[in-house]
Amino acid sequence: MATALSVNLNKIALIRNSREGNYPDVVEHAKVCIASGAEGITVHPRPDQRHIRPDDVRQLAKLLAPMKALEFNIEGNPFAPRRGNYPGLLVLAEETRPDQCTLVPDSDNQLTSDHGFDLTRSAEQLAPMITRLQAQGIRVSLFMDPIPEQIRLAKEVGADRIELYTGPYAAAWGTQELETIYRQHFLAAELATELGLGVNAGHDLNLINLPKYASVPGLLEVSIGHALTVDAIALGLANAVQAYKNILTEAVS
Ligand code: PXP
């Protein structure tokens, strides 16, 4: 089966948050992604609410709940405490019941997530959280680097899937490091599959580096936000310009 595409809508929310109001509308963009063939929608709410807000998660959950074939994936740091009206990742997930919750060891002062879990340190704290989410019927994925010992620990701690952090793969594009890093991902995915873990991947994937990465064995889902949003500006721009032109032409005549 082909690898599923889950579109990360954080950047749409980031643009929305730069002004008052609800423009662009995150839910409307989710609908366009779905109509265009995306199999899933991903959001990464953070305590600082710099992009996706708790209400976005609730509204997307409402949109996606009746769409049984669609995957709703909420990712975030399960250790980040509630702040203001951000209730914390687990509470938000329990309320909105996504298909998948991807646990990520990021923090507020990071621009974006930039490493996987070190399960030699955090497995004990994660285990009850994983059980709690699974008890609500939510599949749990852990954001991981392609390190064999860590992948084994992901299985031991009870995860259903791992999401391989592809930032270093993307950064190595066009360098001699690429084959080494690709091989690490290939072997990590093979190991995960052998252990019975599903394999997702994400971060900095784009139209150039995705074709090679898509050959990683057993890859179930990629979540892509940043590059896809930038591509949308370029590839969708002609149509947008035409729409503005049409309005202005009609107004003159
Ligand atoms: N996976 C995780 C855990 C992330 O934090 C992000 C960024 O929010 C992505 C995937 C998607 O990365 P990008 O926006 O670079 O496609």
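Residues numbered from 1 in each chain as written. Predicted model: local features only at pLDDT ≥ 70, side-chain atom pairs only at ≥ 80, totals over all residues. Heavy atoms only, no water.

Draft legend 1. Summary view of the overall build of the protein chain. Helix and strand counts for the protein chain stand at ten helices and eight strands. Over its C-alpha trace the protein chain gives a radius of gyration of 19 Å, about what one expects of a compact globule, namely 18 Å for 253 residues. Structurally, the protein chain occupies a C-alpha span of about 70 × 45 × 35 Å along its principal axes. Within the span of the protein chain, comprising 253 residues, buried residues form 48% of the whole. Restricting the contact set of the protein chain to residue pairs at least 6 apart, pairs at least 24 apart contribute 71%. Working note: accessible area of the protein chain is about 12900 Å², and carbon and sulfur atoms make up 57% of it. (Helix = DSSP H or I, 4+ residues; strand = E, 2+ residues; numbered from the N terminus. Rg over C-alpha atoms; globule rule 2.2 N^0.38 Å. Buried < 20%, exposed > 50% of the residue type's maximum accessible area, 1.4 Å probe, protein only. Contact = heavy atoms within 4.5 Å. Areas by Shrake-Rupley, 256 points an atom, 1.4 Å probe, with all protein chains shown as cover.)

Draft legend 2. Fine view of the site of the ligand. In the vicinity of the ligand, 16 residues are found, and the nearest of them are Ser 113, Glu 163, Asp 204, Gly 225 and His 226. At 3.3 Å, a side-chain N or O of Asn 8 approaches an oxygen atom of the ligand. Within the backbone of Asp 204, a nitrogen or oxygen atom sits 2.8 Å from an oxygen atom of the ligand. Protein chains bury 95% of the 400 Å² of accessible surface belonging to the ligand in isolation. (Near = heavy atom within 4 Å. Polar contact = N/O pair within 3.5 Å; in protein donor to acceptor, adjacent residues only side chain to side chain.)

Draft legend 3. Here's a closer look at the nonpolar core. Ranked by internal contacts, the top residues of the largest apolar core, which has 63 residues, are Leu 103 and Leu 142. The element that contributes the greatest number of residues to this core is helix H8 (residues 178–195), accounting for seven residues. With residues near it in sequence (within four places) discarded, Leu 142 still touches Leu 103, Phe 117, Leu 119, Leu 126, Ile 130, Ala 154, Val 157, Ala 159, Arg 161, Ile 162 and Glu 163. (Core = buried A, V, L, I, M, F, W, Y, C linked by side-chain atoms within 4.5 Å.)

Draft legend 4. Region of interest: helix H6 (residues 148–156). Listed as buried for H6 are Gln 150, Ile 151 and Ala 154. Taken down its axis, H6 places every buried residue within 105° of arc, on the same side. In H6, the exposed residues that point more than 90 degrees away from the buried face are Glu 149 and Glu 156. In this structure, the buried side of H6 is in contact with helix H5 (119–135), strand S5 (139–144), strand S6 (161–165) and H8. Looking one or two residues past H6, Gly 158 carries a phi angle of roughly 105°, positive in sign. (Arc of directions from axis to C-beta.)

Draft legend 5. Representation of the side chain of Ser 122 within the structure. With respect to the helices, strands and loops of the structure, Ser 122 is situated in helix H5. Once you skip the residues sitting within four places of it in the chain, Ser 122 turns out to touch Phe 79 and Phe 117.

Draft legend 6. How the structure looks around the pairing of strand S7 (residues 198–202). A large share of S7 lies buried, amounting to five of its five residues. Taken together, the five bridges between S6 and S7 define a ladder with parallel strand orientation. By the bridge assignment, Glu 163 is partnered in S7 with Asn 200. (Pairing = 2+ DSSP bridges.)

Draft legend 7. Structural view of the packing of aromatic side chains. A full pass over the atoms with the stated rule returns four aromatic pairs. An aromatic cluster of at least three residues, connected via ring pairs, comprises Tyr 169, Trp 173 and Tyr 213. Lying over the aromatic face of Tyr 182, Lys 212 brings its terminal NZ or CZ to 4.3 Å of the ring centre. (Phe/Tyr/Trp six-rings, centres within 6.5 Å; stacked < 30°, edge-to-face > 60°. Lys NZ or Arg CZ within 6 Å of the ring centre and 35° of its normal.)

Draft legend 8. Summary view of the packing of H6 against H8. At a minimum axis separation of 10 Å, H6 and H8 run at an interaxial angle of 25°. In terms of orientation, H6 and H8 fall into the roughly parallel class. Between H6 and H8 lies a crossing of right-handed hand. Between H6, through Pro 148, Ile 151, Arg 152 and Lys 155, and H8, the contact on the second element is made entirely by Ala 188, Leu 191, Ala 192 and Leu 195. In terms of residue class, the contact of H6 with H8 is made up of six nonpolar, no polar and two charged. (Axes fitted to C-alpha atoms, helices over the stretch in contact; angles between N-to-C directions. Parallel < 35°, antiparallel > 145°, perpendicular 65-115°, else oblique. Left-handed = near helix turned anticlockwise from the far one by under 90°. Nonpolar A, V, L, I, M, F, W, Y, C, P; charged D, E, K, R; others polar.)

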